[in-house]
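# Structure at a glance
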Amino acid sequence: MQKKDELYAGKAKSVYATDDPDRLILLFRDDTSAFDGEKVAQLEHKGMVNNKFNAFIMQKLEAGGVPTHFDSLLSEQESVVKRLDMIPVECVVRNISAGSLCRRLGVPEGKDLDPPTFEFFLKDDERHDPMVNEYHIRAFGWASEDEVEQMKALTFKVNDILKQLFLDAGLLLVDYKLEFGRFKGKVTLGDEFTPDGCRLWDAATRDKLDKDRFRQGLGGVVEAYEAVARRIGVPL
Ligand code: TMP
Ligand code: ASP
């Protein structure tokens, strides 16, 4: 497969065209950002760890019946993915209260949420990813009613698969964000699943092992990502 022009550079990944119109190359860079790009840094090895972490998780999800864009690992920091027509919303499920939920509602961090909550956010850094609901998504034509239902169902299916996968390694999946797109019309999981886009706590100590280490200046960011990767069996 031949790598062609860079199509898009995000905050932590870059996207390249290939000679196959249905395939893209995702480059996981060492860059990290938080607070909608306000805080940025370069963290050595992060690109490699996240590339392999994402590949491992996407393959588990695919095996569990979630259609994903993942095709194959290409190099230490690159993967081949299907080219999706992206839906510009983020799907967030929370099992335990943390982050913006606590800020918005004034609830303490660490409360078990039963049932888990589901939220949509518009992908728009300039407006700090405002929360939207399914009526906004349909009214503005970002996705159809059927696609909205599929995104919700698939996001909860991911929860069933990954909550257990992490728990088996002594980790709590606190919350996570997914992005979907369409591949030949079918709603398909895109973007990434890495500790950059979820919260993971040690089940015994409740130590934070995800991007909150960067957001909160706790240090040991990539070390924590690597520790999680090893615990769930990602070959690094
Ligand atoms: P939040 O508590 O900031 O709303 O985030 C909930 C989860 O979604 C958390 O695991 C981080 C993830 N997330 C992203 O990865 N990118 C984003 O832009 C947002 C809003 C959340
Ligand atoms: N992913 C967003 C950013 O990089 C939000 C966050 O993770 O805090 O700014």
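Residues numbered from 1 in each chain as written. Chains lettered and ligands numbered in written order. Predicted model: local features only at pLDDT ≥ 70, side-chain atom pairs only at ≥ 80, totals over all residues. Heavy atoms only, no water.

### Description of the overall build of the chain
Helix and strand counts for the chain stand at six helices and 15 strands. The C-alpha radius of gyration computed for the chain amounts to 17 Å, which stays within 12% of the reference 18 Å derived for 236 residues, consistent with globular compactness. A principal-axis box enclosing the C-alpha atoms of the chain has dimensions of 50 × 40 × 35 Å. Residue pairs in contact within the chain that sit at least 24 positions apart in sequence constitute 57% of those at least 6 positions apart. With 34 positive and 42 negative side-chain charges, the chain shows a separation of 1 Å between the mean positions of the two kinds. (Helix = DSSP H or I, 4+ residues; strand = E, 2+ residues; numbered from the N terminus. Rg over C-alpha atoms; globule rule 2.2 N^0.38 Å. Contact = heavy atoms within 4.5 Å. Lys, Arg positive; Asp, Glu negative; His and termini not counted. Charge placed at Lys NZ, Arg CZ, Asp CG, Glu CD.)

### Some details on the packing of helix H1 (residues 46–63) against helix H6 (residues 221–232)
It is the contact of H1 with H6, at a shortest axis distance of 10 Å, that shows an interaxial angle of 30°. Taken together, the axes of H1 and H6 lie roughly parallel to each other. Like other packed secondary-structure pairs, H1 and H6 cross with a definite hand, here left-handed. Within the contact between the two elements, H1 uses Lys-46, Val-49, Asn-50, Phe-53, Phe-56 and Ile-57 and H6 uses Val-222, Tyr-225, Glu-226, Val-228, Ala-229 and Ile-232. Taken together, the residues of the contact of H1 with H6 sort by class into nine nonpolar, one polar and two charged. (Axes fitted to C-alpha atoms, helices over the stretch in contact; angles between N-to-C directions. Parallel < 35°, antiparallel > 145°, perpendicular 65-115°, else oblique. Left-handed = near helix turned anticlockwise from the far one by under 90°. Nonpolar A, V, L, I, M, F, W, Y, C, P; charged D, E, K, R; others polar.)

### Some details on the sheet that holds strand S3 (residues 23–28)
With respect to topology, five strands assemble into an open sheet ordered S1-S2-S3-S7-S6, the strand pairing being antiparallel. The sheet terminates laterally at strand S1 (3–9) and strand S6 (70–73), the two strands that pair on one side only. Each neighbouring strand pair of the sheet contributes to a mean axis angle of 30°, computed without reference to strand direction. Here S6 runs beside strand S7 (residues 78–82); their pairing, made up of three bridges, is antiparallel. Paired with Leu-73 across the two strands is Ser-79, which belongs to S7. Sheet strands touched by H1: S3, S6 and S7. Its angle to S6, the strand with the most contacts, is close to 130°. (Pairing = 2+ DSSP bridges.)

### Focus on the site of ligand 1
Near ligand 1 there are 15 residues, and of these Arg-94, Ser-100, Asp-129, Asp-175 and Arg-199 occur at the shortest range. Within the contact set of ligand 1, an oxygen atom lies 2.9 Å away from a side-chain nitrogen or oxygen of Asp-129. At 2.6 Å from an oxygen atom of ligand 1 is found a side-chain nitrogen or oxygen belonging to Asp-175. Where the shell around ligand 1 is concerned, the elements lending two or more residues are strand S9 (89–96), helix H2 (99–105), strand S12 (171–178) and strand S15 (198–202). Of the residues in the shell around ligand 1, the class split is four nonpolar, three polar and eight charged. (Near = heavy atom within 4 Å. Polar contact = N/O pair within 3.5 Å; in protein donor to acceptor, adjacent residues only side chain to side chain.)

### Regarding the packing of H1 against helix H4 (residues 145–167)
Between two packed helices, both the angle of their axes relative to each other and the distance between the axes serve to describe the pair. Viewed as axis vectors pointing N to C, H1 and H4 meet at an angle of 120°, and their least axial separation amounts to 10 Å. When the axes of H1 and H4 are compared, the pair comes out oblique. Here H1 runs over H4; the crossing is right-handed. Two secondary-structure elements touch here, H1 through Phe-53, Ile-57, Lys-60 and Leu-61 and H4 through Val-158, Ile-161, Leu-162, Leu-165 and Phe-166. Split by residue class, the contact of H1 with H4 holds eight nonpolar, no polar and one charged.

### Some words on the site of ligand 2
Around ligand 2, the structure places Lys-11, Ser-33, Ala-34, Phe-35, Asp-36, Gly-37, Lys-211 and Arg-215. In this structure, an oxygen atom belonging to ligand 2 sits 2.7 Å away from a main-chain N or O atom of Gly-37. Contact between ligand 2 and Arg-215: an oxygen atom at 2.8 Å from a side-chain N or O atom of the residue. The fraction of the free accessible surface of ligand 2 (270 Å²) that becomes covered by protein chains is 77%. Among the residues making up the shell around ligand 2, the classes are represented as two nonpolar, two polar and four charged. (Areas by Shrake-Rupley, 256 points an atom, 1.4 Å probe, with all protein chains shown as cover.)

### Some remarks on the packing of aromatic side chains
All chains considered together, the criterion is met by five aromatic pairs. On the basis of an interplanar angle of 25° and a centroid distance of 6.3 Å, the ring pair of Phe-166 and Phe-193 is categorised as stacked. With a gap of 27 residues between them, Phe-166 in helix H4 and Phe-193 in the loop between strand S14 (186–189) and S15 connect regions that are remote in the sequence. Ring centres 5.9 Å apart and planes at 50° place the aromatic pair Tyr-176 and Phe-193 in the tilted group. In this pair, Tyr-176 sits in strand S12 while Phe-193 sits in the loop between S14 and S15, placing the two residues 17 residues apart along the sequence. Note on accessibility: Tyr-176 and Phe-193 belong to one class, buried. Three or more aromatic residues link up through ring pairs in this structure, and these residues are Phe-118, Phe-120 and Phe-156. (Phe/Tyr/Trp six-rings, centres within 6.5 Å; stacked < 30°, edge-to-face > 60°. Buried < 20%, exposed > 50% of the residue type's maximum accessible area, 1.4 Å probe, protein only.)

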